[in-house]
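# Topology and contacts: notes
The chain contents come next:
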6 protein chains.
Amino acid sequence: MTQLTHFNQSGEAHMVDVGNKDITERVAIAEGYIEMNPTTLTLIEQGTHKKGDVLGIARIAGIMASKKTADLVPLCHPLPISHVEVNLEIENDTSRVYCRTTVKTRGQTGVEMEALTATQVSLLTVYDMCKAVDRGMTIQGVRLLKKSGGKSGDWLRP
Amino acid sequence: MTQLTHFNQSGEAHMVDVGNKDITERVAIAEGYIEMNPTTLTLIEQGTHKKGDVLGIARIAGIMASKKTADLVPLCHPLPISHVEVNLEIENDTSRVYCRTTVKTRGQTGVEMEALTATQVSLLTVYDMCKAVDRGMTIQGVRLLKKSGGKSGDWLRP
Amino acid sequence: MTQLTHFNQSGEAHMVDVGNKDITERVAIAEGYIEMNPTTLTLIEQGTHKKGDVLGIARIAGIMASKKTADLVPLCHPLPISHVEVNLEIENDTSRVYCRTTVKTRGQTGVEMEALTATQVSLLTVYDMCKAVDRGMTIQGVRLLKKSGGKSGDWLRP
Amino acid sequence: MTQLTHFNQSGEAHMVDVGNKDITERVAIAEGYIEMNPTTLTLIEQGTHKKGDVLGIARIAGIMASKKTADLVPLCHPLPISHVEVNLEIENDTSRVYCRTTVKTRGQTGVEMEALTATQVSLLTVYDMCKAVDRGMTIQGVRLLKKSGGKSGDWLRP
Amino acid sequence: MTQLTHFNQSGEAHMVDVGNKDITERVAIAEGYIEMNPTTLTLIEQGTHKKGDVLGIARIAGIMASKKTADLVPLCHPLPISHVEVNLEIENDTSRVYCRTTVKTRGQTGVEMEALTATQVSLLTVYDMCKAVDRGMTIQGVRLLKKSGGKSGDWLRP
Amino acid sequence: MTQLTHFNQSGEAHMVDVGNKDITERVAIAEGYIEMNPTTLTLIEQGTHKKGDVLGIARIAGIMASKKTADLVPLCHPLPISHVEVNLEIENDTSRVYCRTTVKTRGQTGVEMEALTATQVSLLTVYDMCKAVDRGMTIQGVRLLKKSGGKSGDWLRP
């Protein structure tokens, strides 16, 4: 018998019943980054000050993607998101763009998947915009930092 | 002046004109993995043999996501994908699920973004299905392995 | 004068105002089946035990489709679904795959359309995966079995 | 070993490679119907002459749904549809609405799924618009009538 | 420092936090029109009485588009719409089709964008259906007429 | 008998058959603008130089919307767009933001609707981002400027 809640007692996938869960405020924060050549990072950095705003576009892509999470992840519940914040930062010493995303809702299930999806798509969009000059970029460390609200309570990455 | 092709000469984002590019067969292969607790990996492994097929569902999610790439990545061209293959493997020694995705098309632009998107969403789906038992799982090493076709020719990760 | 609620007094289609309806728990159960050649059914049956899991994929397709109902059916209200369960069973004596879907929500309108849509798309997906060996498969008997909740109360197929 | 082409040799689902198939004109015709109370059919019939055009809306829903087929059916290839025709007819003697859909494309794979999806969603939309007066309506006989084009050639329901 | 609420204190776009706003009934009414040749208007007018119902299709397109607003407008919150009404009228003296849309919800943010999006897409659909005979049609005067509900209270076009 | 091509000989809507049309390069250019208070325009102008880039976000929204045209406009053919350029300019003398969009494809039908849709959604996004300070903004003059390619040949606004 599996202990994974996304399967019923027959082992068949289902969308878990959250109908009896409380409606509480729920917050999730996720992070991730994309490694690249220092010269690629310089191109992005120049764009944010003047023209060709890679990070601004990646931020919008992440915010929009958070709204499509239930469309992408099969057993995810659709949720009325109440807040999304995508922060993208250039880290010169490690030659990467770091992304941290916060998502909130008032509902019966959490927004961890929304925060992770926004992070992933923001980083994918950085890849897309820079791939002509650097195909080797790598997305790393996409993970949950923190979540609060709901029956399982708060969780903080140890 | 930026050298990133996704911006025009005024530095404004645009969808690059690919109208004069040749229609050729294009292939892209991407990879990535998700690290987890060994006990989580064991739950997934049991499911693939009996019930609760996490990897089967993640595979479908990745294939479907590849078809939504242009919907997620703002400056990506819509493409008629002709083939998608998502391989997911349990790696016990490193306690992770490894994903490798192949996408093909005949068209005027490549399918690198489709392969990366499928990889990301497959791994996100693994996260979703196991998060109740392991919130700390981390997605790593999402990157292009190889691409062929098109004016820029073949590229193989060094 | 039409008695159909999806039209206003001028006979023009509209999305009915449900703003004053109570928020109650609502459940709908729908069913349907797909008839096929016995040899096709055998191929599906073999897959569920070993490889090539047609029913597992059809189940996921149905669950995902339930979330797109308001996108497909023009005058349907968007709803935050709280539970979806798609059961698919092989019926050897009648040579068909039977599907029964349960959908729940807490909201101002019912989920009959979501349950019917999930059923339809699950059966369509069975068709897609087996059509190379059996183009004559036929989808039959897609209908509501039961609904509860809301002003119109419970309904049970007589 | 499964004989279903939607699985690779390991029995894992994939989107079949159609890259080497010829680009030919492909046509598919599907049909289906929805049974209802005679009084419901009368309401629909009155609407088509005057106000409250149920069939006109169902037709549009079907056409739009054909464009979403690859979004609904997991292993379906995205296709540039070149023509869709949805015919809906009132059949008083059998108390049902009959639907026949024709879809065309020029491409590397057929449009059977598009024709079936359009038929299903047209009939679902009839259900939605009339369900307040007749919850017992049943969708029946959704199946392929004919397809032409492609390597497998023409097929006509026997 | 910008006073636009869609940017945080660092000037970066975000989806504004509406989690602490009250859930109230919210209504928005928008309008707009499309100017055309008198002969084009005559063709539309003939269709509404007999065949080729341009306005009926434009109405459905507008209603469906209102449900996609959060998918189109990047920083818009997803909302469970409870009512949509799209009125389209032929104005012979000014040779145009006039559109007025009402949208309602019970939620934490308003539905102005939903009403404007429905209006825009209804008028675009009129354009699409008539463009073969009149490419010069122009969409004009798309604007909010009124909104009520929420902290900012009622607003009526002066 | 209607002369509108989006209806068949029975007066029923259909997606016109373009299967026999030539595949040619097709270009469409559309324009439109949004009128606002001079103080609102000043807020936008400040953002483009420093922070809170309203026009950058509106541009991305327009580009992404062009890819959803066939999803919004019921009888529009899905098309593989090869180029999109959205230009947004601040016009201080008339206190408005002007938008001009160019879309290209190689295909069997034109991209007029894609250019108009991108224009509409770019302007709607400007509205969304500034509505908290100026609810009275009005979208005006959305129309085709030029199209080329296809059987009907070139068209230039007189």
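The rules behind each value
Residues numbered from 1 in each chain as written. Chains lettered and ligands numbered in written order. Predicted model: local features only at pLDDT ≥ 70, side-chain atom pairs only at ≥ 80, totals over all residues. Heavy atoms only, no water. Least-squares fit on C-alpha atoms with pLDDT ≥ 70 in both. Contact = heavy atoms within 4.5 Å. Axes fitted to C-alpha atoms, helices over the stretch in contact; angles between N-to-C directions. Helix = DSSP H or I, 4+ residues; strand = E, 2+ residues; numbered from the N terminus. Left-handed = near helix turned anticlockwise from the far one by under 90°. Nonpolar A, V, L, I, M, F, W, Y, C, P; charged D, E, K, R; others polar. Buried area = accessible area lost by both parts, 1.4 Å probe. Salt bridge = Lys/Arg side-chain N within 4 Å of Asp/Glu carboxyl O. Expected span 1.5 Å × (residues − 1). Buried < 20%, exposed > 50% of the residue type's maximum accessible area, 1.4 Å probe, protein only. Polar contact = N/O pair within 3.5 Å; in protein donor to acceptor, adjacent residues only side chain to side chain. Pairing = 2+ DSSP bridges.

In this section: the relation of the copies chain B and chain A. Expressed as a screw transformation, the operator carrying chain B onto chain A has a rotation angle of 180° and an axial translation of 0.0 Å, and the superposed copies differ by an RMSD of 0.0 Å. These values place the two chain copies in the arrangement generated by a two-fold rotation axis. Taking C-alpha positions as the reference, the residue of chain B nearest the rotation axis is B:Gln140, at 2.2 Å. When you check the interface residues of chain B against chain A, 100% turn up at the interface there too, and the contact is symmetric in its surfaces.

Residues and elements named next belong to chain F. Two elements in contact, helix H2 (residues 54-66) and helix H4 (residues 112-130), have axes separated by 7 Å at closest approach and are oriented at 145°. As H2 packs across H4, the resulting crossing turns out to be right-handed. Residue-level contacts link Val 54, Leu 55, Ile 57, Ala 58, Arg 59, Ala 61, Gly 62, Ala 65 and Ser 66 of H2 to Glu 114, Thr 117, Ala 118, Val 121, Ser 122, Thr 125, Val 126, Met 129 and Cys 130 of H4. Class assignment for the residues of the contact of H2 with H4 results in 11 nonpolar, 5 polar and 2 charged.

This part is about the interface of chain C and chain D. Taken together, the contact pairs 53 residues of chain C with 53 residues of chain D. A combined buried area of about 4600 Å² lies between chain C and chain D, and 65% of that area is made up of carbon and sulfur atoms. Seen at the junction of chain C and chain D, the total is 4 salt bridges. Notably, a salt bridge pairs C:Asp71 with D:Lys68, separated by 3.4 Å at the nearest N-O pair. Within the residue set of the side of chain C that touches chain D, elements represented by two or more residues are helix H2 (54-66), helix H3 (69-72), helix H4 (112-130) and strand S4 (138-148) of chain C. Tallying contributions element by element places H4(C) first for the side of chain C that touches chain D, with 12 residues. When its residues are assigned to classes, the side of chain C that touches chain D shows 27 nonpolar, 15 polar and 11 charged.

For the rest of this paragraph, the subject is the environment of B:Ile90. Considering the arrangement of structural elements, one finds B:Ile90 in strand S2 (residues 81-91). Excluding residues that lie within four positions of it along the chain, B:Ile90 makes contacts with B:Leu41, B:Ile44, B:Glu45, B:Leu55 and B:Arg96.

Taking 1.5 Å of rise per residue, the 13 residues of H2(C) would be expected to cover 18 Å, and the 19 Å separating its terminal C-alpha atoms lies within 8% of that figure. Counting buried residues along H2(C), 13 of its 13 residues qualify, which places the element largely inside the surrounding structure.

This next bit is on the pattern of salt bridges. Pairing between side chains becomes possible if they bear opposite charge and their charged atoms approach one another. What the rule picks out here adds up to 48 salt bridges over all chains. For F:Arg96, the salt bridge goes to F:Glu91, with nearest N and O atoms at 3.0 Å.

Between chain B and chain A, the residue contacts involve 53 residues of the former and 53 residues of the latter. At the surface where chain B touches chain A, the tally comes to 4 salt bridges. The interface formed by chain B and chain A includes 17 residue pairs in polar contact (both at pLDDT 80 or more). The set of elements that each furnish at least two residues to the side of chain B that touches chain A consists of helix H2 (54-66), helix H3 (69-72), helix H4 (112-130) and strand S4 (138-148) of chain B. In terms of residue class, the side of chain B that touches chain A is made up of 27 nonpolar, 15 polar and 11 charged. With 2 bridges connecting them, strand S4 (residues 138-148) of chain A and S4(B) associate as antiparallel partners.

Chain A shows no contact with chain D. Their nearest C-alpha atoms sit 10 Å apart. Of all C-alpha pairs spanning chain B and chain E, none lies closer than 10 Å, and the two are not in contact.

This part covers the pairing of strand S1 (residues 24-35) of chain E. Residue and element names in this part refer to chain E. Taken across its 12 residues, S1 has 9 buried, putting it largely inside the fold. In terms of strand pairing, S1 meets strand S3 (residues 96-107) through 12 bridges, oriented antiparallel. From the neighbouring strand, Tyr 33 faces S3, where its bridge partner is Tyr 98. As paired strands, S1 and strand S4 (residues 138-148) are joined by 8 bridges and run antiparallel to one another. Paired with Ile 29 across the strands is Lys 146, a residue of S4.

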